[in-house]
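# Secondary and tertiary structure notes
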Amino acid sequence: MRLLRLSLRNFKGIRQFTLQLGGADATVYGDNGVGKSTLMDAWMWLLFGKDSHNRADFEIKTLDSTGKPIHNLEHEVEAELELTGGRRLTLRKVYKEVWTKRRGAARAEFTGHTTEHYIDGVPVRKAEFEACIGQIADEQLFRLLTDPLHFNMNLHWQDRRRILLEACGDVTDAEVIASDPALTELPGILEGRSIDQHRKVVLARRTELNRELDRIPVRIDEVRRNLPELPANDRATVEARLAELRSRRQELSEELVRVESGGQTAELQRQLAEVQAELRTATLRAQEAAEAAVAVDKRQLRELEDKLDSVLRRLSRLDADQRQAEADAAALEQRIVSLRQEWHQVNARQYDGPPPAEVADACAACGQALPADQVETARARAQADYEARLARFNETKAAELERIQQEGKALRAQLDETRTGIERRTAEIQQARAEAATLQQQVEELRQRIAHVQPALDTPEMRRLRERERDLTTQITLLRQSVADRLAELRGDIRSLDDQIRAVEGSLARFDQHEQGLARIAELEAEERRLAAEFEELERQLHLLDEFVRAKVRLLTDRINSRFRIARFKLFEEQVNGGIAETCECMVNGVPYNSLNHGARIQAGLDIIQTLGDHYGFRPPIFVDNAESVTDIPQTTAQQIRLVVSAGDRTLRVVTHETAIKEAV
C-alpha cells in the first residue's frame, strides 16, 4: 500500500493542507505544535475513527483563540491510496454538526454530529466504508505495521511472543531432542505428554514425595517413643509362669464346682424340683376344670351377645326410618296446605278482559249514518268475540282447579300411606326395645355367673405340696450356709490368680507390641528408601526437562533473531530457582528496549515492521514520529513518512525524493 495523497480540511489545528506524496517516502518538517502529529491522527481517524494514540474521544474540531470549537465547519480528511496491483482507492470522511430548527423557533439549535463516508467519491454507509477498509487489513495489523513503537510499547509480551512465533516459526520438540544426544531418552519418559504437562506431573509428584519424606522420620520417631518397656525376664520365662498360674486356677475352679454341687444338696434340689413340677401340674388341672365348668355359659353368652347386637342394629335402622317418615309426612301436609290455598286463589279469579267492543251508528270519517244491517252484524261479531274470550278464561280456570284437586288427592293418599307406615313402625320399635331389654338382662346375669367361677387352688393335695416345698427349701438353705466359708475362700483365691494371670498376660503383650513396633519401623525405613529413590529419579527427569528447555531456548532464539538485522529478542529468562520462564523482550546490542533511547527504539521498530510486513505480505505507510532523534533510519520496503521537529519551520514543510514542498494554511 502506498499513500499518494492525504488532504485535511478543518481538522484539529489545520485549516487546509494536502500531503502530496505520489507514493514516495517523505520527510515532514515543522516546529512543535505546527501539526505533524495531526497528520498521523488524521490518517488513523480516516481509517479507524481513532487518533494515533488509539483514542476515539479526541477533539477533531478546529478551536478558536479561546479554545472553544468553531461551529458550522465541516471537518474532512481524504486519502488517495495505491493498493496491490496498482489499483487506486480514494477514501474520504466528513465530520459535521447537525443544527435543527424546531417548530415555532426563530433560530436553529445544535443537536449533535454526523459523519459522512465516501469511497471513490461515492457516499456510502459506515458499515460499507469499514468493510472496505477491513478487506485491506484489520485495525490491529495496520497499527502493528504502521507505527514503529506499537509492537514494543502497546502489546503485551505474550502477544509479542505469539506474533514472533507466527512470523518466524516455532521449534518442535523433535527438533530440540535431535539437537542434543543427552535428550534421547526424553520421549520414553514423557509417555505421550508434552514437556509442560510432564513437568506439572513431576512437580506435583515431587511435592507429594517431599511431604511423605518429611512425615516418615516423624512417624518412625513416634513408633520408637511408643515402644513398650520389656519385662526383666525373657519371653520363655514369662510364658512358663503364665502356664503355671492357669493350671492352678483350673484346679481351684474344679474344687469350687464340687463344693457347690455337693451330693446331699443336689438330692434335696432334685426333690424340690419334683414337688414344684407337681404343683404346676395341679394348678393347670384346676384351671382347666374351672374353664370347663363355664364353657357352656360362655358359649351361651356369645350367642346372646350376637342376638342382642342384631336387635340393636335393627332398632337403629327402625329409628332412622321413622325419623325420615315423620319428616316426609310433615312435608306432605305442608304441600297439601299450599295446594288448598292455591285452589282458593284460582277459584276467586274473575274475568278482567275487555268488554264487547262498541259499534258506532255513523262513519267516523264523514259522519254519514251506516246501514242498520252492517251495524247489527258488527255488534254481533263483537259480542261473539267477547263470549269466546270469556269461555277461554272459564276453561283455563276449570282446568287449573282440576289439576290442583287431582294433585291434592294424590298427596292425601301418599300422606295416608306414610302415616300408616309410621304407626306400623312404632309398634315394631316398641317390640324391638322390649326384646333388647330382655336380652341385655340375660347377658348381665351370665357375665356375673361366669365371673364368680374360680379354679380350685386350695385343695388338700395342693396344700400338702406347698408344705413339702417349704420344708425342702429350708433344708437346702441350711446346707448351703455350712459350705459358704469354703466357697468364699475358693472364690478369693481364684480372683487373686486372675489378677496375676492378667499381669503376666500384659507382660507377654508388651513383647508382642515391641516386635510389632520394630516391624513397623523397618517397614517405614523401607518406604523411605523407596520414596528417596523415586525422588532422585524425578530430580533427574526435571534436569532433563530443563536441559530440553535450554536447548529450545537456543534454537528458538537463534531462529527468530536471524530474521532481524537490528532487533534481538530475549524469549526466555532464568529464574532464581534455576528454572526457565517464557518472556519476550526486545534488545538492541544487548540493551533492553526499556533502556533504549528514542532513536534506537525507532530503528528496532522499523526492523520489526520490515520482517512482519514480509510475513503478512502487507506494507502500509509507516509514520515515524520524532524522526529527528534518528541519525540513520533503516530503509524499509514500506513507504516511510518521517515527522521531524524543525524549529525554523513555523508551517509544515514536506520533502519527498522529488523535494516537493507544501505548506499548511
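Residues numbered from 1 in each chain as written. Predicted model: local features only at pLDDT ≥ 70, side-chain atom pairs only at ≥ 80, totals over all residues. Heavy atoms only, no water.

What follows concerns the nonpolar core. Core analysis: the biggest nonpolar cluster contains 94 residues, and Leu3, Leu19, Trp43, Leu91, Phe151 and Phe569 have the highest contact counts within it. With 14 residues, helix 13 (residues 460-561) is the single largest residue contributor to this core. For this core, the two domains that each supply at least three residues are domain 1 (1-138 + 649-664) and domain 2 (194-261 + 470-538). When sequence neighbours within four positions are dropped, the list of residues in contact with phenylalanine 151 reads Leu144, Arg160, Ile163, Leu164, Phe569, Ile608 and Leu612. In terms of nonpolar packing, the next biggest core, distinct from the first, is built from 13 residues, Val238, Leu242, Leu490 and Leu508 among them. (Core = buried A, V, L, I, M, F, W, Y, C linked by side-chain atoms within 4.5 Å. Buried < 20%, exposed > 50% of the residue type's maximum accessible area, 1.4 Å probe, protein only. Helix = DSSP H or I, 4+ residues; strand = E, 2+ residues; numbered from the N terminus. Domains from an automatic or database assignment. Contact = heavy atoms within 4.5 Å.)

The next thing to look at is helix 3 (residues 139-146). Taken across its eight residues, helix 3 has seven buried, putting it largely inside the fold. Taken as a whole, helix 3 has its buried residues at Glu139, Leu141, Phe142, Arg143, Leu144, Leu145 and Thr146. Each element contacted by the buried residues of helix 3 is listed here: helix 1 (36-48), helix 4 (150-154), helix 5 (157-168), helix 14 (598-616) and strand 11 (622-624). If you check the start of helix 3, you find a side-chain oxygen 3.2 Å away from the backbone N of glutamine 140, and it comes from aspartate 138. (Polar contact = N/O pair within 3.5 Å; in protein donor to acceptor, adjacent residues only side chain to side chain.)

It is worth spelling out the sheet that holds strand 3 (residues 26-30) at this point. Pairing is mixed across the open sheet formed by four strands, whose spatial order is 11-12-3-13. Edge strands, defined here as strands with exactly one partner in the open sheet, are strand 11 and strand 13 (653-656). If you compare each strand with its neighbour and ignore which way they point, the axes differ by 20° on average. Across four bridges, strand 3 lies against strand 13 in antiparallel orientation. Residue pairing for strand 13: tyrosine 29 is matched across the bridge by arginine 653. Contacting strand 3, strand 11 and strand 12 (640-645), helix 1 crosses the sheet at an angle of about 145° to strand 12. (Pairing = 2+ DSSP bridges. Axes fitted to C-alpha atoms, helices over the stretch in contact; angles between N-to-C directions.)

Let's shift gears to the pattern of salt bridges. Two side chains with opposite charge may pair up if their charged atoms get near one another. Scanning the entire structure with this criterion turns up 60 salt bridges. For arginine 403, the salt bridge is made with glutamate 407, and the minimal N-O distance between the two is 3.2 Å. Here the residue arginine 403 and the residue glutamate 407 both occupy positions in helix 12 (residues 372-451), the gap between them amounting to four residues, near one helical turn. Residue glutamate 407 is classed as partly exposed on the basis of its relative accessible area of 27%. (Salt bridge = Lys/Arg side-chain N within 4 Å of Asp/Glu carboxyl O.)

Quick look at unusual backbone geometry now. Keep in mind that most residues, glycine aside, have a negative phi and that most peptide bonds are trans. Backbone geometry places lysine 12, a non-glycine residue, at a positive phi of 55°. In this structure, lysine 12 sits in the loop between strand 1 (2-11) and strand 2 (14-20). Here the phi dihedral of asparagine 589 falls at roughly 55°; this positive angle occurs in a residue that is not glycine. Looking at where asparagine 589 falls in the secondary structure, it is placed in the loop between strand 9 (580-588) and strand 10 (591-592).

Where helix 3 meets helix 14, the axes come as close as 9 Å, and the angle between the chain directions of the two elements is 140°. In terms of axis orientation, helix 3 runs oblique to helix 14. From helix 3, Leu141, Leu144, Leu145 and Thr146 reach across to helix 14, where they touch Ile609, Leu612, Gly613 and Tyr616. (Parallel < 35°, antiparallel > 145°, perpendicular 65-115°, else oblique.)

Turning next to the domain arrangement of the chain. By domain assignment, the chain separates into domain 1 (1-138 + 649-664), domain 2 (194-261 + 470-538) and domain 3 (282-452). Computed over C-alpha atoms, the centres of domain 1 and domain 2 are 97 Å apart.

What follows concerns the packing of aromatic side chains. In this structure the tally under the stated criterion is eleven aromatic pairs. Residues tryptophan 99 and phenylalanine 110 carry aromatic rings whose centres are separated by 5.6 Å and whose planes lie at 55° to one another, so their mutual orientation is tilted. Placement of tryptophan 99 in strand 5 (residues 88-100) and of phenylalanine 110 in strand 6 (residues 109-119) is noted, with a sequence separation of eleven residues between them. Seen in terms of ring centroids, tyrosine 351 and tyrosine 386 are 6.0 Å apart; in terms of plane orientation they differ by 75°. Their pairing is edge-to-face. Taken together, the residues span a long stretch of sequence, with tyrosine 351 in the loop between helix 11 (295-347) and helix 12 and tyrosine 386 in helix 12 at a distance of 35 residues. Taking relative accessible area as the criterion, tyrosine 351 reaches 21% and is therefore assigned partly exposed. Joined through ring pairs, the aromatic side chains of Trp43, Phe48, Phe142, Phe618 and Phe623 make up one cluster. Here arginine 161 stacks its cationic end above the ring of phenylalanine 572, 4.6 Å away from the centre of that ring. (Phe/Tyr/Trp six-rings, centres within 6.5 Å; stacked < 30°, edge-to-face > 60°. Lys NZ or Arg CZ within 6 Å of the ring centre and 35° of its normal.)

Moving on, we come to the packing of helix 1 against helix 3. Axes are the key here: two packed helices are described by the angle between their axes and the distance separating the axes. Interhelical geometry of helix 1 versus helix 3 gives an angle of 160° and a closest axis separation of 11 Å. It follows from the interaxial angle that helix 1 and helix 3 lie roughly antiparallel. Every pair of crossing elements has a handedness; the one defined by helix 1 and helix 3 is right-handed. Only Glu139, Phe142, Arg143 and Thr146 of helix 3 make contact with helix 1, whose side of the interface consists of Trp43, Met44, Leu47 and Phe48. Classifying every residue of the contact of helix 1 with helix 3 by side-chain character gives five nonpolar, one polar and two charged. (Left-handed = near helix turned anticlockwise from the far one by under 90°. Nonpolar A, V, L, I, M, F, W, Y, C, P; charged D, E, K, R; others polar.)

In this fold, phenylalanine 393 is placed in helix 12. Contact partners of phenylalanine 393, with chain neighbours within four places excluded, come to Arg349, Gln350 and Tyr351.

Our focus in this paragraph is the environment of aspartate 297. With respect to the helices, strands and loops of the structure, aspartate 297 is situated in helix 11. Residue aspartate 297 is classed as buried on the basis of its relative accessible area, which comes to 14%. Taking C-alpha positions, aspartate 297 is 6.9 Å from isoleucine 450, a pair spaced 153 residues apart along the chain. Among all residues touching aspartate 297, those that are not within four sequence positions of it are Leu446, Arg449 and Ile450.

In space, the three strands of this open sheet follow the order 8-9-10, with antiparallel pairing throughout. Two strands close off the open sheet at either side, each with one partner strand: strand 8 (568-574) and strand 10. As judged from the two bridges shared by strand 9 and strand 10, these two strands associate in the antiparallel manner. Looking at strand 10, one finds that valine 588 is bridged to valine 591.

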